[in-house]
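Below, each chain spelled out in residue letters.
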Amino acid sequence: MATVAPTSCASGGGIEGCSRASRFAVHVIKGRWFSVCASFLVMIGPGTTYLFGIYSQEIKSALGYDQTTLNLLGFFKDMGTNIGVPAGLVAENFANTGALVTCVKNFPESRGIMIGLLKGFVGLGGAIMTQFYFAIYGDDSKALILMVGWFPAALCVIFVYTIRTMKVVRQPNEVKMFYQFLYVSIVLALFLMVMTIVQKQIVFPRAAYAGSVTVVCVLLFLPFVIAIREELTFWNLERQHDNSPTEVTVEKPQEEESKPVALPPVSSTQEEEKPNSSSFFANVFKKPPRGEDYTILQALLSIDMLTLFLATMCGLGSSLTAIDNLGQIGGALGYPTRTISSFVSLVSIWNYFGRVFSGFVSEILIAKWKVPRPLMLTLTLVLLCVGHLMIAFPAPGSIYVASVFIGFAYGAQLTLIFAIISELFGLKYYATLFNCGQLATPIGTYVLNVKVTGMFYDQEALKELAKKGMTRSSVKELICIGVQCYKKSFIILAAGTLFGAAVSMILVIRTQEFYRGDIYKKFREQADASQTEMALSPSNKSAARLGSLQ
């Protein structure tokens, strides 16, 4: 069928054309697909946390910090990134809760794919911001700190009113749309990786960085074009149906509309609202089956959540420790500053691949072979352990490979953990529960980054000063050079990650029966009920008939 664009004011359509164009614009902006595309851009903002490795050396030099103090600063950065419990309880106004949770609720049957894409853009955020940083400020790492302050805030202000929870209506081409978004994001990731490699070999002028940023912007806004094209197809189908003189509805409208029994049944989420709202502590130890809506206390006091919390503390805690120390790791091993920026970009790009890969692949494994999603988390932690060992025992060029492994494993963990929480404990309190799960991350980074990695680094640096007959007061900045600076700490990180993999296997065993069932059955029934309700509503009959035409 030929697609006809809405008549515009400039094309001679007059007042009627302007009205149609404006109605179509409002239809697009209020649609689910535009909300998803806006969420992609908003999720770039949290990716700034991965740039700490670029500007941390600037902070250390300017303020004369030792590594323990610098890692403590990194811990507070990670704590601020991961503590979103107030946002989940109050109004969902943080990027992770506001964008991610909203999109998961809007597309519950594609949650693995949805989380993978959204968290994938978080992963790319560091590499995207690096390109913008070089194009706007050049090689001034102090200016990067300023950019980290205003860039994410600007994105949120622009798109804040377009991201909201909507009624779930199943569309036959939903997965196809997500794959189109995936292809665009893969092209963006590959372009950023090529630019990272080329910029390491060639000194780029400011104009070349501006050209690179232009391509990045085109790829970032391409999903909006895909969304508008999809909305235009539905818009034309709806207009064609409304203008059709031959179509007559003879499906017993009076009989169906007069029956109040025909309305869809109340969902399990709505049924549980009444008893749960009467007492916050009611039925804490009478947990529902996995997949149903847990209360906050029921979920937090469950063995499944405690097991996942411990695995997260080991896995994400050690991952962020490695990412935050990339700048000092590169310096200790003698890499120049521009190469250290390449490490950060590689982590960011492969962070994206890990998030998207784990989301799409784990969804396929569940659908086809009923493979428990926690099993993929276990395998990811084993890969992360290998990355830590490559830093503990470095070989020429091994830090590049370690950056890829750590970035991929870190991204994959995030997608898998968020999906697992939504599947085991339901979506009713998802915003709060996944932020509670994220609390394990700053706890892990405090122990592993501040108390282990920072302490061992400073000990080795003080040993070097003692060999030169100097003390800590003799120098402003405490620097360690050599393989020994991070050897002990990364052996401990590898051991902790391996322990986390063993803990996650407990969750695999506990949930394998759950994943053998149909975990999305409830959401399909709710979507069908919503469609039935829309079909019974006179104002929405055209939308229901549109689904049948599709």
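Keep in mind that this is a model prediction, so the values were computed, not measured. (Residues numbered from 1 in each chain as written. Predicted model: local features only at pLDDT ≥ 70, side-chain atom pairs only at ≥ 80, totals over all residues. Heavy atoms only, no water.)

Enquirer: How do you make sense of the overall build of the protein chain when you look at a structure like this?
Expert: Of the regular secondary structure elements, the protein chain holds 23 helices and zero strands. Every one of the 550 residues in the protein chain was classed for burial, and the buried ones make up 54%. Look at the contacts in the protein chain between residues 6 or more apart in sequence, and 81% of them connect residues 24 or more apart. Of the roughly 23,500 Å² of accessible surface on the protein chain, a fraction of 66% belongs to carbon and sulfur atoms. (Helix = DSSP H or I, 4+ residues; strand = E, 2+ residues; numbered from the N terminus. Buried < 20%, exposed > 50% of the residue type's maximum accessible area, 1.4 Å probe, protein only. Contact = heavy atoms within 4.5 Å. Areas by Shrake-Rupley, 256 points an atom, 1.4 Å probe, with all protein chains shown as cover.)

Enquirer: It is not clear to me how helix 7 (residues 111–137) should be interpreted in this structure. Could you clarify?
Expert: Here helix 7 contains 27 residues, and its C-alpha end-to-end distance of 38 Å stays within 8% of the 39 Å for a straight helix at 1.5 Å per residue. At Gly125, helix 7 shows its largest kink, close to 40 degrees. Among the 27 residues that make up helix 7, 25 are buried, leaving the element largely enclosed by the rest of the structure. At the exit of helix 7 stands Gly138, carrying a positive phi of roughly 75 degrees. (Expected span 1.5 Å × (residues − 1). Bend = angle between axes of the 7 residues up to and from the residue.)

Enquirer: Can you help me understand empty space enclosed by the protein in this one?
Expert: A water-sized probe, rolled over the atoms, reveals where empty space remains. Scanning all chains against the criterion turns up three cavities of 30 Å³ or more. A volume near 80 Å³ is recorded for the second largest cavity. Looking at the second largest cavity, the residues that line it are Thr130, Gln131, Phe134, Thr196, Gln199, Lys200, Tyr209, Arg338, Ser341, Ser342 and Ser345. Considering each element in turn, the lining of the second largest cavity owes the most residues, four residues, to helix 16 (residues 337–369). Two domains each provide a minimum of three residues to the lining of the second largest cavity, namely domain 1 (21–71 + 84–238) and domain 2 (287–518). (1 Å grid on protein atoms, 1.4 Å probe; cavity = no way out; pocket = protein on both sides within 12 Å on 5 of 7 lines; lining within 4 Å. Points joined across faces, edges and corners; volume = space filled by probe spheres on them. Domains from an automatic or database assignment.)

Enquirer: Got a minute to help me understand the state of the cysteines in this structure?
Expert: As used in these notes, a disulfide is a covalent bond between sulfur atoms, one from each of two cysteines. Applying the stated criterion across every chain, the model contains one disulfide. Shown here is the disulfide that connects Cys480 with Cys485, its sulfur atoms set 1.9 Å apart. Disulfide Cys480-Cys485: torsion about the S-S bond near -90 degrees, hence left-handed. The class of Cys485 is buried, set by a relative accessible area of 1%. (Disulfide = S-S within 2.5 Å.)

Enquirer: Help me understand the side chain of Arg111, please; the structure alone is not making it clear to me.
Expert: Here Arg111 shows up in helix 7. Notably, Arg111 is buried but unbridged: the nearest opposite-charge side chain belongs to Glu423, and the N-O separation is 5.2 Å. One polar contact links the side chain of Arg111 to the main-chain carbonyl oxygen of Ser422, over a distance of 3.1 Å. Not counting residues within four places of it along the chain, the set of residues in contact with Arg111 comprises Val104, Glu363, Ser422, Glu423, Leu427, Tyr520 and Phe523. (Lys, Arg positive; Asp, Glu negative; His and termini not counted. Salt bridge = Lys/Arg side-chain N within 4 Å of Asp/Glu carboxyl O. Polar contact = N/O pair within 3.5 Å; in protein donor to acceptor, adjacent residues only side chain to side chain.)

Enquirer: Quick question: what am I supposed to make of the packing of aromatic side chains here?
Expert: Each aromatic ring pair is described using two quantities: the centre-to-centre distance and the angle formed by the ring planes. Within the structure shown, the criterion is met by 33 aromatic pairs. Judged by centre distance (6.0 Å) and plane angle (20 degrees), the ring pair of Phe159 and Phe224 falls under stacked. Here Phe159, found in helix 8 (residues 141–159), pairs with Phe224, found in helix 10 (residues 206–242); they are 65 residues apart in sequence, far enough to count as distant. Taking relative accessible area as the criterion, Phe159 reaches 10% and is therefore assigned buried. The exposure class of Phe224 is buried, given its relative accessible area of 7%. Between Phe204 and Tyr209, the aromatic rings sit 5.3 Å apart at their centres with planes inclined by 55 degrees, giving tilted as the arrangement. Neither residue differs from the other here; Phe204 and Tyr209 are each classed as buried. Through a chain of ring-to-ring contacts, the aromatic side chains of Trp33, Phe40, Phe107, Phe121, Phe178 and Phe181 assemble into a single cluster. (Phe/Tyr/Trp six-rings, centres within 6.5 Å; stacked < 30°, edge-to-face > 60°.)

Enquirer: In this structure, what is going on with the environment of Gly123? I would like to understand it.
Expert: Position of Gly123 among the secondary structure elements: in helix 7. According to the relative accessible area criterion, Gly123 is buried, its value standing at 0%. Taking C-alpha positions, Gly123 is 9.3 Å from Thr48, a pair spaced 75 residues apart along the chain.

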